[in-house]
Amino acid sequence: MSPASCAAIRGRAITFRANPFEVPPSDSLLVEDDALIVMKDGRISAFGAYDVVKAALPEGVTPVHYKDCLISAGFIDTHVHYPQLPVIAAWGEQLLEWLETYVFPAEAAFADEAVARDMAKHFLAELMRCGTTTAAVYCTSHPQSVEAFFAEAERLGARMIAGKVLMDRNAPDALRDTVQRGYDESSALIDRWHGKGRQLYAVTPRFAITSTPEQLEAAGDLLRRDASIFMQTHLAENLTEVDAVRRLFPDRRSYLDVYDHAGLVRPRSVFGHAIHVEEAELCRCHETGAALSHCPSSNLFLGSGAFRLFDALDSKRPVRVGLGSDVGAGTSLSQLRTMGEAYKVAQMTGRRLHAAQALWLATAGAARSLELDDRIGVIAPGMEADLCVLDPHATPLLQYRASHCESLEDLLFALTILGDDRCIRATWVGGACVHNLERDGGQ
Ligand SMILES: [Zn+2]
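Predicted model, so just to flag it, every value in this text is computed and none were measured. For every chain, the first residue of the written sequence is number 1, and numbering continues from 1 along that sequence. In view of the model being predicted, local features appear only for residues whose pLDDT reaches at least 70, and side-chain atom pairs are presented and counted only at 80 or more, with totals across whole chains, interfaces and linings using the full set of residues. Water and hydrogen atoms were dropped before computing side-chain values, which therefore reflect all heavy atoms in the structure.

**Quick look at the overall build of the chain**
Looking only at helices and strands, the chain features 18 helices and 16 strands. For this measure, only C-alpha atoms enter the radius of gyration; the expected value for a globule follows 2.2 Å times N^0.38, where N is the number of residues. The C-alpha radius of gyration computed for the chain amounts to 21 Å, which stays within 12% of the reference 22 Å derived for 443 residues, consistent with globular compactness. Once the C-alpha set of the chain is aligned to its principal axes, its extents read approximately 65 × 50 × 40 Å. Relative accessibility decides the category of a residue: with a 1.4 Å probe and only protein chains considered, values under 20% of the type maximum give buried, values over 50% give exposed, and everything between is partly exposed. Across the 443 residues in the chain, those meeting the buried criterion constitute 60%. Contacts are residue-level and defined by heavy atoms, with any inter-residue pair within 4.5 Å sufficient. For the chain, the share of sequence-separated contacts (at least 6 apart) that also reach a separation of at least 24 residues comes to 75%. The charge count includes Lys and Arg as positive and Asp and Glu as negative, but it does not include His or the ends of the chains. All charge positions are set by atom: Lys at NZ, Arg at CZ, Asp at CG, Glu at CD. Taking the average place of the 43 positive charges on the side chains of the chain and the average place of its 58 negative ones, the gap between the two points comes to 2 Å. Secondary structure follows DSSP: runs of H or I at least 4 residues long count as helices, runs of E at least 2 residues long count as strands, and numbering of each begins at the N terminus.

Pasting the structure below:
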(Lines give C-alpha, C1' and ligand atoms only; values in the text may rest on other atoms or scores of the structure.)
Protein backbone atom coordinates (compact mmCIF):
# COMPACT_ATOMS: atom_id res chain seq x y z
CA MET A 1 0.00 0.00 0.00
CA SER A 2 1.20 3.53 -0.66
CA PRO A 3 2.35 5.61 2.32
CA ALA A 4 -0.46 8.10 1.96
CA SER A 5 -3.13 5.44 1.61
CA CYS A 6 -6.39 5.89 3.45
CA ALA A 7 -9.40 3.62 3.92
CA ALA A 8 -12.38 3.33 6.23
CA ILE A 9 -14.77 0.65 7.41
CA ARG A 10 -18.16 0.89 9.08
CA GLY A 11 -20.08 -1.56 11.24
CA ARG A 12 -20.62 -2.74 14.80
CA ALA A 13 -17.26 -2.68 16.59
CA ILE A 14 -16.22 -4.58 19.69
CA THR A 15 -13.00 -3.98 21.58
CA PHE A 16 -11.72 -3.53 25.14
CA ARG A 17 -11.53 -0.67 27.60
CA ALA A 18 -10.25 -2.91 30.46
CA ASN A 19 -8.99 -6.40 31.29
CA PRO A 20 -12.03 -8.71 31.72
CA PHE A 21 -10.11 -10.78 34.26
CA GLU A 22 -9.76 -7.67 36.45
CA VAL A 23 -13.19 -6.07 36.05
CA PRO A 24 -16.59 -7.73 35.48
CA PRO A 25 -16.26 -9.06 31.90
CA SER A 26 -19.25 -7.09 30.61
CA ASP A 27 -17.70 -3.85 31.88
CA SER A 28 -14.47 -4.51 30.00
CA LEU A 29 -16.06 -4.31 26.57
CA LEU A 30 -16.25 -1.22 24.44
CA VAL A 31 -19.03 -1.66 21.89
CA GLU A 32 -19.90 0.87 19.22
CA ASP A 33 -23.08 -0.23 17.44
CA ASP A 34 -22.50 1.87 14.33
CA ALA A 35 -18.79 2.58 14.27
CA LEU A 36 -16.57 4.23 11.71
CA ILE A 37 -12.88 3.28 11.68
CA VAL A 38 -10.63 5.46 9.55
CA MET A 39 -7.19 4.08 8.66
CA LYS A 40 -4.31 6.17 7.39
CA ASP A 41 -0.70 5.18 6.71
CA GLY A 42 -1.23 1.78 8.32
CA ARG A 43 -2.71 3.09 11.56
CA ILE A 44 -6.17 3.83 12.89
CA SER A 45 -6.55 7.60 12.62
CA ALA A 46 -10.11 7.86 13.92
CA PHE A 47 -12.61 5.54 15.63
CA GLY A 48 -16.02 6.22 17.11
CA ALA A 49 -19.71 6.56 16.35
CA TYR A 50 -20.30 6.94 12.61
CA ASP A 51 -22.33 10.10 13.06
CA VAL A 52 -19.49 11.74 14.96
CA VAL A 53 -16.45 10.40 13.10
CA LYS A 54 -17.76 10.82 9.55
CA ALA A 55 -16.57 14.43 9.69
CA ALA A 56 -13.00 13.05 9.90
CA LEU A 57 -13.42 11.04 6.72
CA PRO A 58 -11.05 12.38 4.05
CA GLU A 59 -12.62 13.45 0.83
CA GLY A 60 -13.03 10.65 -1.70
CA VAL A 61 -12.86 7.83 0.87
CA THR A 62 -16.01 5.69 0.97
CA PRO A 63 -16.23 3.38 3.97
CA VAL A 64 -16.73 -0.32 3.35
CA HIS A 65 -19.93 -1.07 5.23
CA TYR A 66 -20.05 -4.48 6.94
CA LYS A 67 -23.71 -4.75 7.87
CA ASP A 68 -24.67 -7.30 10.56
CA CYS A 69 -21.02 -8.03 11.31
CA LEU A 70 -18.75 -7.47 14.30
CA ILE A 71 -15.46 -5.65 13.78
CA SER A 72 -12.69 -6.69 16.18
CA ALA A 73 -8.99 -6.06 16.47
CA GLY A 74 -7.20 -8.73 14.44
CA PHE A 75 -6.58 -11.98 16.27
CA ILE A 76 -3.15 -12.77 17.68
CA ASP A 77 -1.85 -16.35 17.76
CA THR A 78 0.94 -16.56 20.35
CA HIS A 79 2.21 -20.05 19.44
CA VAL A 80 2.16 -21.76 16.05
CA HIS A 81 4.52 -23.78 13.81
CA TYR A 82 4.19 -22.93 10.13
CA PRO A 83 6.18 -25.95 8.83
CA GLN A 84 3.72 -28.30 10.53
CA LEU A 85 0.73 -27.45 8.39
CA PRO A 86 1.22 -30.65 6.30
CA VAL A 87 0.95 -32.82 9.44
CA ILE A 88 -2.04 -31.18 11.09
CA ALA A 89 -4.51 -33.93 12.08
CA ALA A 90 -1.92 -36.75 12.21
CA TRP A 91 -3.21 -39.80 14.02
CA GLY A 92 -2.33 -41.70 17.13
CA GLU A 93 0.61 -40.28 19.10
CA GLN A 94 1.36 -38.16 22.14
CA LEU A 95 3.99 -35.44 22.21
CA LEU A 96 7.41 -37.13 21.95
CA GLU A 97 6.37 -39.90 19.54
CA TRP A 98 4.30 -37.41 17.53
CA LEU A 99 7.43 -35.26 17.06
CA GLU A 100 9.49 -38.27 15.91
CA THR A 101 6.84 -39.80 13.68
CA TYR A 102 5.30 -36.78 11.99
CA VAL A 103 6.95 -33.47 12.78
CA PHE A 104 10.65 -34.07 12.24
CA PRO A 105 10.15 -35.63 8.77
CA ALA A 106 7.86 -32.72 7.78
CA GLU A 107 10.38 -30.15 9.00
CA ALA A 108 13.25 -31.86 7.15
CA ALA A 109 11.58 -30.90 3.85
CA PHE A 110 12.40 -27.25 4.59
CA ALA A 111 16.01 -27.76 3.60
CA ASP A 112 14.58 -26.93 0.16
CA GLU A 113 13.93 -23.18 0.09
CA ALA A 114 11.21 -23.60 -2.55
CA VAL A 115 9.25 -25.77 -0.10
CA ALA A 116 9.64 -23.09 2.57
CA ARG A 117 8.48 -20.31 0.25
CA ASP A 118 5.44 -22.26 -0.88
CA MET A 119 4.45 -23.20 2.66
CA ALA A 120 4.98 -19.67 4.01
CA LYS A 121 2.63 -18.35 1.35
CA HIS A 122 -0.07 -20.92 2.10
CA PHE A 123 0.31 -20.59 5.83
CA LEU A 124 0.06 -16.80 5.92
CA ALA A 125 -2.91 -16.85 3.55
CA GLU A 126 -4.62 -19.30 5.93
CA LEU A 127 -3.88 -17.06 8.91
CA MET A 128 -5.46 -14.10 7.12
CA ARG A 129 -8.50 -16.23 6.22
CA CYS A 130 -8.84 -16.94 9.94
CA GLY A 131 -8.63 -13.26 10.91
CA THR A 132 -5.22 -13.69 12.55
CA THR A 133 -3.07 -10.66 11.85
CA THR A 134 -0.12 -11.33 14.18
CA ALA A 135 1.45 -14.64 15.20
CA ALA A 136 4.49 -15.90 17.07
CA VAL A 137 5.77 -18.51 14.66
CA TYR A 138 8.28 -21.32 14.90
CA CYS A 139 10.12 -21.97 11.64
CA THR A 140 12.50 -24.96 11.25
CA SER A 141 16.20 -25.19 12.06
CA HIS A 142 16.97 -24.13 8.46
CA PRO A 143 17.61 -20.37 8.21
CA GLN A 144 15.94 -20.36 4.78
CA SER A 145 12.65 -21.33 6.48
CA VAL A 146 12.82 -18.03 8.42
CA GLU A 147 13.88 -16.07 5.39
CA ALA A 148 10.91 -17.38 3.39
CA PHE A 149 8.47 -16.66 6.20
CA PHE A 150 9.57 -13.08 6.86
CA ALA A 151 9.74 -12.29 3.15
CA GLU A 152 6.09 -13.28 2.70
CA ALA A 153 4.96 -11.57 5.93
CA GLU A 154 6.70 -8.38 4.84
CA ARG A 155 5.05 -8.59 1.42
CA LEU A 156 1.67 -8.73 3.18
CA GLY A 157 2.66 -5.95 5.58
CA ALA A 158 1.72 -8.12 8.57
CA ARG A 159 3.27 -7.80 12.02
CA MET A 160 4.81 -11.19 12.66
CA ILE A 161 7.22 -12.71 15.16
CA ALA A 162 9.30 -15.68 14.02
CA GLY A 163 12.56 -17.48 14.55
CA LYS A 164 14.83 -20.33 13.56
CA VAL A 165 14.39 -23.41 15.74
CA LEU A 166 17.53 -24.25 17.73
CA MET A 167 18.10 -28.01 18.18
CA ASP A 168 21.55 -29.50 18.79
CA ARG A 169 20.60 -32.88 20.27
CA ASN A 170 17.88 -35.54 20.36
CA ALA A 171 16.78 -34.74 16.81
CA PRO A 172 17.51 -36.26 13.38
CA ASP A 173 20.83 -35.33 11.70
CA ALA A 174 19.01 -33.36 9.01
CA LEU A 175 17.52 -30.99 11.60
CA ARG A 176 20.32 -30.68 14.17
CA ASP A 177 22.48 -27.59 14.34
CA THR A 178 25.39 -26.93 16.71
CA VAL A 179 25.82 -24.32 19.42
CA GLN A 180 27.96 -22.16 17.14
CA ARG A 181 25.90 -22.63 13.98
CA GLY A 182 22.65 -21.99 15.82
CA TYR A 183 24.09 -18.81 17.30
CA ASP A 184 25.56 -17.54 14.04
CA GLU A 185 22.47 -18.27 11.97
CA SER A 186 20.14 -16.69 14.54
CA SER A 187 22.40 -13.69 14.83
CA ALA A 188 22.43 -13.12 11.07
CA LEU A 189 18.64 -13.44 10.92
CA ILE A 190 18.24 -10.93 13.77
CA ASP A 191 20.45 -8.44 11.91
CA ARG A 192 18.48 -8.96 8.74
CA TRP A 193 14.89 -9.07 10.03
CA HIS A 194 14.37 -7.85 13.59
CA GLY A 195 12.63 -4.49 13.32
CA LYS A 196 12.62 -4.53 9.53
CA GLY A 197 9.20 -3.18 8.55
CA ARG A 198 6.78 -4.95 10.88
CA GLN A 199 8.89 -8.09 11.42
CA LEU A 200 10.20 -9.14 14.84
CA TYR A 201 12.65 -11.91 15.68
CA ALA A 202 12.22 -14.60 18.33
CA VAL A 203 15.15 -16.70 19.53
CA THR A 204 13.57 -20.15 19.35
CA PRO A 205 15.06 -23.16 21.17
CA ARG A 206 12.41 -25.86 20.50
CA PHE A 207 12.52 -27.12 24.08
CA ALA A 208 14.95 -28.26 26.76
CA ILE A 209 15.11 -31.84 25.45
CA THR A 210 16.53 -30.83 22.06
CA SER A 211 19.04 -28.21 23.23
CA THR A 212 22.18 -28.79 25.27
CA PRO A 213 22.78 -26.48 28.25
CA GLU A 214 25.43 -24.78 26.09
CA GLN A 215 22.90 -24.04 23.35
CA LEU A 216 20.45 -22.59 25.87
CA GLU A 217 23.27 -20.38 27.20
CA ALA A 218 23.99 -19.21 23.66
CA ALA A 219 20.29 -18.37 23.25
CA GLY A 220 20.60 -16.24 26.40
CA ASP A 221 23.62 -14.48 24.88
CA LEU A 222 21.55 -13.59 21.80
CA LEU A 223 18.80 -12.12 23.99
CA ARG A 224 21.21 -10.02 26.03
CA ARG A 225 22.11 -8.14 22.86
CA ASP A 226 18.72 -6.45 22.62
CA ALA A 227 15.77 -6.47 25.06
CA SER A 228 13.31 -6.05 22.20
CA ILE A 229 14.09 -9.52 20.79
CA PHE A 230 11.54 -12.21 21.62
CA MET A 231 12.14 -15.72 22.95
CA GLN A 232 9.79 -18.64 22.41
CA THR A 233 9.97 -22.24 23.54
CA HIS A 234 7.88 -25.05 25.03
CA LEU A 235 7.37 -25.67 28.74
CA ALA A 236 5.88 -28.63 30.63
CA GLU A 237 3.47 -29.77 27.96
CA ASN A 238 3.50 -33.50 28.71
CA LEU A 239 4.45 -35.59 31.76
CA THR A 240 6.91 -37.85 29.89
CA GLU A 241 8.62 -34.70 28.59
CA VAL A 242 8.79 -33.23 32.11
CA ASP A 243 10.46 -36.47 33.37
CA ALA A 244 12.97 -36.39 30.51
CA VAL A 245 13.90 -32.78 31.30
CA ARG A 246 14.39 -33.69 34.95
CA ARG A 247 16.84 -36.44 33.89
CA LEU A 248 18.69 -34.20 31.42
CA PHE A 249 19.03 -31.30 33.89
CA PRO A 250 19.32 -32.93 37.35
CA ASP A 251 20.76 -29.77 38.90
CA ARG A 252 17.85 -27.50 38.04
CA ARG A 253 14.98 -26.90 40.48
CA SER A 254 12.23 -27.09 37.89
CA TYR A 255 11.59 -27.16 34.14
CA LEU A 256 11.29 -23.36 34.05
CA ASP A 257 14.53 -23.11 36.02
CA VAL A 258 16.36 -24.79 33.12
CA TYR A 259 15.43 -21.80 30.97
CA ASP A 260 15.84 -19.28 33.78
CA HIS A 261 19.40 -20.46 34.42
CA ALA A 262 20.23 -19.61 30.80
CA GLY A 263 18.67 -16.13 30.99
CA LEU A 264 15.60 -17.03 28.94
CA VAL A 265 12.88 -16.01 31.41
CA ARG A 266 12.11 -12.33 30.88
CA PRO A 267 9.60 -9.98 29.25
CA ARG A 268 8.93 -10.98 25.63
CA SER A 269 9.62 -14.63 26.49
CA VAL A 270 6.68 -16.83 25.51
CA PHE A 271 6.39 -20.33 26.92
CA GLY A 272 4.01 -22.65 25.11
CA HIS A 273 1.66 -24.86 27.19
CA ALA A 274 2.90 -24.74 30.84
CA ILE A 275 0.36 -27.39 31.81
CA HIS A 276 2.44 -29.30 34.36
CA VAL A 277 4.02 -26.41 36.24
CA GLU A 278 4.31 -25.69 39.93
CA GLU A 279 3.32 -22.59 41.84
CA ALA A 280 6.95 -21.42 42.06
CA GLU A 281 7.18 -21.46 38.25
CA LEU A 282 4.03 -19.34 37.90
CA CYS A 283 5.43 -16.93 40.51
CA ARG A 284 8.66 -16.65 38.55
CA CYS A 285 6.75 -15.86 35.34
CA HIS A 286 4.81 -13.18 37.20
CA GLU A 287 8.00 -11.64 38.64
CA THR A 288 9.82 -11.54 35.34
CA GLY A 289 6.96 -10.61 32.98
CA ALA A 290 7.40 -13.81 30.97
CA ALA A 291 4.24 -14.98 29.18
CA LEU A 292 2.47 -18.30 28.72
CA SER A 293 0.69 -19.41 25.58
CA HIS A 294 -2.44 -21.46 26.23
CA CYS A 295 -2.95 -23.94 23.37
CA PRO A 296 -6.18 -25.77 24.19
CA SER A 297 -6.89 -27.55 20.91
CA SER A 298 -3.34 -28.94 20.85
CA ASN A 299 -3.53 -30.03 24.49
CA LEU A 300 -6.74 -31.92 23.83
CA PHE A 301 -5.50 -33.42 20.55
CA LEU A 302 -2.24 -34.77 22.02
CA GLY A 303 -3.87 -35.62 25.34
CA SER A 304 -1.32 -33.45 27.13
CA GLY A 305 -3.55 -32.20 29.95
CA ALA A 306 -5.64 -29.21 30.99
CA PHE A 307 -3.94 -25.82 31.40
CA ARG A 308 -5.10 -24.11 34.60
CA LEU A 309 -5.87 -20.74 33.05
CA PHE A 310 -7.48 -19.17 36.08
CA ASP A 311 -4.59 -20.29 38.32
CA ALA A 312 -2.15 -18.67 35.93
CA LEU A 313 -4.18 -15.45 35.96
CA ASP A 314 -4.71 -15.43 39.73
CA SER A 315 -4.83 -11.76 40.76
CA LYS A 316 -2.35 -12.44 43.63
CA ARG A 317 0.38 -12.93 41.01
CA PRO A 318 -1.13 -12.75 37.54
CA VAL A 319 0.92 -14.24 34.70
CA ARG A 320 0.54 -12.87 31.20
CA VAL A 321 -1.36 -15.32 28.98
CA GLY A 322 -2.34 -15.39 25.32
CA LEU A 323 -3.94 -18.07 23.17
CA GLY A 324 -2.06 -20.26 20.70
CA SER A 325 -3.29 -22.57 17.98
CA ASP A 326 -0.08 -24.67 18.12
CA VAL A 327 -0.74 -26.10 14.67
CA GLY A 328 0.30 -28.85 13.74
CA ALA A 329 -0.60 -30.34 17.16
CA GLY A 330 -3.47 -27.87 17.29
CA THR A 331 -6.44 -28.74 15.13
CA SER A 332 -7.29 -25.35 13.64
CA LEU A 333 -5.64 -22.03 12.85
CA SER A 334 -8.91 -20.32 13.74
CA GLN A 335 -8.76 -18.31 16.95
CA LEU A 336 -12.56 -18.62 17.19
CA ARG A 337 -12.11 -22.39 17.39
CA THR A 338 -9.25 -21.92 19.85
CA MET A 339 -11.46 -19.73 22.08
CA GLY A 340 -14.13 -22.43 22.02
CA GLU A 341 -11.59 -25.09 23.03
CA ALA A 342 -10.28 -22.80 25.80
CA TYR A 343 -13.83 -22.62 27.16
CA LYS A 344 -14.05 -26.43 27.25
CA VAL A 345 -10.64 -26.84 28.92
CA ALA A 346 -11.64 -24.25 31.55
CA GLN A 347 -14.84 -26.25 32.15
CA MET A 348 -12.68 -29.33 32.78
CA THR A 349 -10.95 -27.40 35.57
CA GLY A 350 -14.28 -26.27 37.00
CA ARG A 351 -14.06 -22.67 35.77
CA ARG A 352 -16.24 -20.60 33.43
CA LEU A 353 -14.51 -18.62 30.72
CA HIS A 354 -16.63 -15.64 29.69
CA ALA A 355 -16.85 -14.84 25.97
CA ALA A 356 -15.29 -11.41 26.61
CA GLN A 357 -12.40 -13.08 28.45
CA ALA A 358 -11.86 -15.49 25.55
CA LEU A 359 -11.84 -12.65 23.02
CA TRP A 360 -9.43 -10.69 25.24
CA LEU A 361 -7.01 -13.64 25.32
CA ALA A 362 -7.04 -13.67 21.51
CA THR A 363 -6.58 -9.89 21.09
CA ALA A 364 -5.71 -7.35 23.81
CA GLY A 365 -4.46 -9.93 26.32
CA ALA A 366 -2.28 -11.61 23.73
CA ALA A 367 -0.84 -8.22 22.75
CA ARG A 368 -0.12 -7.53 26.42
CA SER A 369 1.59 -10.92 26.78
CA LEU A 370 3.89 -10.03 23.88
CA GLU A 371 4.46 -6.45 25.08
CA LEU A 372 2.94 -5.20 21.85
CA ASP A 373 -0.12 -3.67 23.48
CA ASP A 374 1.00 -0.17 22.52
CA ARG A 375 0.58 -1.16 18.85
CA ILE A 376 -1.94 -3.97 18.40
CA GLY A 377 -4.79 -5.77 20.18
CA VAL A 378 -7.45 -3.06 20.48
CA ILE A 379 -9.29 -0.68 18.19
CA ALA A 380 -8.21 2.84 19.06
CA PRO A 381 -6.71 5.87 17.31
CA GLY A 382 -2.94 5.47 16.92
CA MET A 383 -3.01 1.68 16.97
CA GLU A 384 -1.88 -0.28 13.93
CA ALA A 385 -4.82 -0.90 11.61
CA ASP A 386 -5.11 -4.69 11.92
CA LEU A 387 -8.75 -5.73 12.07
CA CYS A 388 -10.98 -8.70 11.47
CA VAL A 389 -14.63 -8.59 10.52
CA LEU A 390 -16.71 -11.38 12.01
CA ASP A 391 -19.97 -12.57 10.48
CA PRO A 392 -22.10 -14.12 13.25
CA HIS A 393 -24.56 -15.44 10.63
CA ALA A 394 -22.04 -17.24 8.45
CA THR A 395 -23.58 -20.72 8.64
CA PRO A 396 -27.22 -21.85 8.79
CA LEU A 397 -26.75 -23.05 12.37
CA LEU A 398 -25.15 -19.77 13.46
CA GLN A 399 -27.89 -17.83 11.74
CA TYR A 400 -30.49 -19.86 13.62
CA ARG A 401 -28.64 -19.56 16.92
CA ALA A 402 -28.13 -15.81 16.40
CA SER A 403 -31.89 -15.36 16.02
CA HIS A 404 -32.20 -16.67 19.59
CA CYS A 405 -29.44 -14.50 21.05
CA GLU A 406 -30.57 -12.01 23.65
CA SER A 407 -27.36 -10.07 24.10
CA LEU A 408 -24.11 -9.28 22.36
CA GLU A 409 -22.27 -11.48 24.85
CA ASP A 410 -24.57 -14.39 24.05
CA LEU A 411 -23.88 -13.84 20.34
CA LEU A 412 -20.15 -13.60 20.93
CA PHE A 413 -20.14 -16.79 22.94
CA ALA A 414 -22.08 -18.67 20.23
CA LEU A 415 -19.53 -17.41 17.73
CA THR A 416 -16.64 -18.82 19.78
CA ILE A 417 -18.32 -22.22 20.12
CA LEU A 418 -19.81 -22.61 16.64
CA GLY A 419 -17.60 -20.31 14.56
CA ASP A 420 -14.46 -20.81 12.51
CA ASP A 421 -12.82 -19.39 9.36
CA ARG A 422 -16.21 -19.28 7.63
CA CYS A 423 -17.12 -16.44 10.00
CA ILE A 424 -14.25 -14.20 8.93
CA ARG A 425 -15.91 -11.86 6.48
CA ALA A 426 -12.74 -9.79 5.97
CA THR A 427 -9.27 -9.20 7.37
CA TRP A 428 -7.46 -5.86 7.25
CA VAL A 429 -3.72 -5.59 7.82
CA GLY A 430 -1.93 -2.26 8.15
CA GLY A 431 -5.01 -0.51 6.76
CA ALA A 432 -5.32 -2.74 3.67
CA CYS A 433 -7.85 -5.49 3.03
CA VAL A 434 -5.90 -8.76 2.68
CA HIS A 435 -8.85 -11.16 2.84
CA ASN A 436 -12.40 -10.64 1.70
CA LEU A 437 -14.71 -13.64 1.85
CA GLU A 438 -17.02 -12.42 -0.90
CA ARG A 439 -14.14 -11.53 -3.21
CA ASP A 440 -11.75 -14.35 -2.37
CA GLY A 441 -14.38 -17.03 -1.68
CA GLY A 442 -13.38 -20.02 0.35
CA GLN A 443 -10.01 -20.43 -1.33
ZN1 LIG B 1 4.34 -25.93 19.81
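**Focus on the sheet that holds strand β16 (residues 432–436)**
Pairing between the strands of a sheet is mediated by backbone hydrogen bonds and can be parallel or antiparallel. Being paired, for any two strands, means DSSP has found at least two bridges between them. In spatial order, the strands read β3-β2-β1-β4-β14-β15-β16; together these seven strands make up an open sheet with mixed pairing. Every other strand in the sheet has two partners, leaving β3 (43–49) and β16 as the edge strands with one partner each. The average angle at which neighbouring strand axes cross in this sheet is 35 degrees, direction not considered. Of the strand pairs in this sheet, strand β1 (residues 6–16) and strand β2 (residues 29–40) are connected by 10 bridges, and their pairing is antiparallel. Every axis corresponds to a line fitted to the C-alpha atoms, with the helix fit spanning only the stretch in contact, and the corresponding angles, defined between N-to-C directions, vary from 0 to 180 degrees.

**Concerning the coordination of the zinc ion**
Only nitrogen, oxygen and sulfur atoms qualify as donors, and only when within 2.8 Å of the metal (3.2 Å in the case of Na, K and Ca); with water excluded, sites may look incomplete. Distances from the zinc ion to its protein donors, His79 (NE2), His81 (NE2), His234 (NE2) and Asp326 (OD), fall within 2.1 to 2.3 Å. Geometry assignment treats four donors as tetrahedral when all angles are between 85 and 135 degrees, treats four as square planar and six as octahedral when opposite donors are over 155 degrees apart and all others between 65 and 115, and treats everything else as irregular. Around the zinc ion sit four donor atoms, and with donor-metal-donor angles ranging over 89 to 169 degrees the site reads as irregular. Taken in chain order, the donor set of the zinc ion reads H-x1-H-x152-H-x91-D. Taking the relative accessible area as the measure of exposure, His81 reaches 2% and is therefore buried.

**Examining the pairing of strand β6 (residues 132–138)**
In terms of residue burial, β6 counts as a mostly covered element, since seven of its seven residues are buried. In the sheet, strand β5 (residues 75–81) pairs with β6 via five bridges, with the strands oriented parallel. Looking across to β6, one finds that Asp77 is bridged to Ala135. Relative to strand β7 (residues 160–163), β6 runs parallel, the two sharing three bridges. Its bridge partner lying in β7, Ala136 is registered against Ile161. Classification remark: right-handed applies to a crossover when, strands pointing away from the viewer, the course from the first strand over the helix to the second runs clockwise. Taken together, β6, helix α5 (residues 143–156) and β7 form a β-α-β motif whose crossover is right-handed.

**Some remarks on the packing of helix α13 (residues 335–348) against helix α17 (residues 408–418)**
Running from N to C, α13 and α17 cross one another at 100 degrees; their axes reach a closest spacing of 6 Å. The angle between the axes of α13 and α17 places the two elements in the roughly perpendicular class. Contact residues: Leu336, Met339, Gly340 and Tyr343 in α13; Phe413, Leu415, Thr416 and Ile417 in α17. An angle below 35 degrees is treated as roughly parallel, one above 145 as roughly antiparallel, one from 65 to 115 as roughly perpendicular, and anything else as oblique.

**Quick notes on unusual backbone geometry**
Note: most peptide bonds trans; most residues except glycine with negative phi. Geometrically, the link from Val327 to Gly328 is a cis peptide bond, its omega value of 10 degrees lying close to zero. On the secondary structure map, Gly328 appears in the loop between β13 (320–323) and α13. In the Ramachandran plot, Ala274 falls in the positive-phi region, its phi being about 55 degrees despite a non-glycine side chain. Secondary-structure assignment places Ala274 in the loop between β11 (269–273) and α10 (279–288).

**Some remarks on the packing of aromatic side chains**
When we look at a pair of aromatic rings, we describe it by the centre distance and by the angle of the planes. Any Phe, Tyr or Trp ring, taking Trp's six-membered ring, that has another such ring centre within 6.5 Å forms a pair; planes under 30 degrees apart are called stacked, those over 60 apart edge-to-face, and the others tilted. Under the defined criterion, the tally for this structure stands at 12 aromatic pairs. Three or more aromatic residues link up through ring pairs in this structure, and these residues are Tyr82, Phe110, Phe123, Phe149, Phe150, Trp193 and Tyr201. The aromatic ring of Tyr50 is capped on one face by Arg10, whose charged end is 3.5 Å from the ring centroid. Each ring is checked for a lysine NZ or an arginine CZ that lies within 6 Å of its centre and within 35 degrees of its normal; such an atom marks a charge sitting over the ring. Above the plane of the ring of Trp193 lies Lys196, whose end atom (NZ or CZ) is 4.5 Å from the centre.

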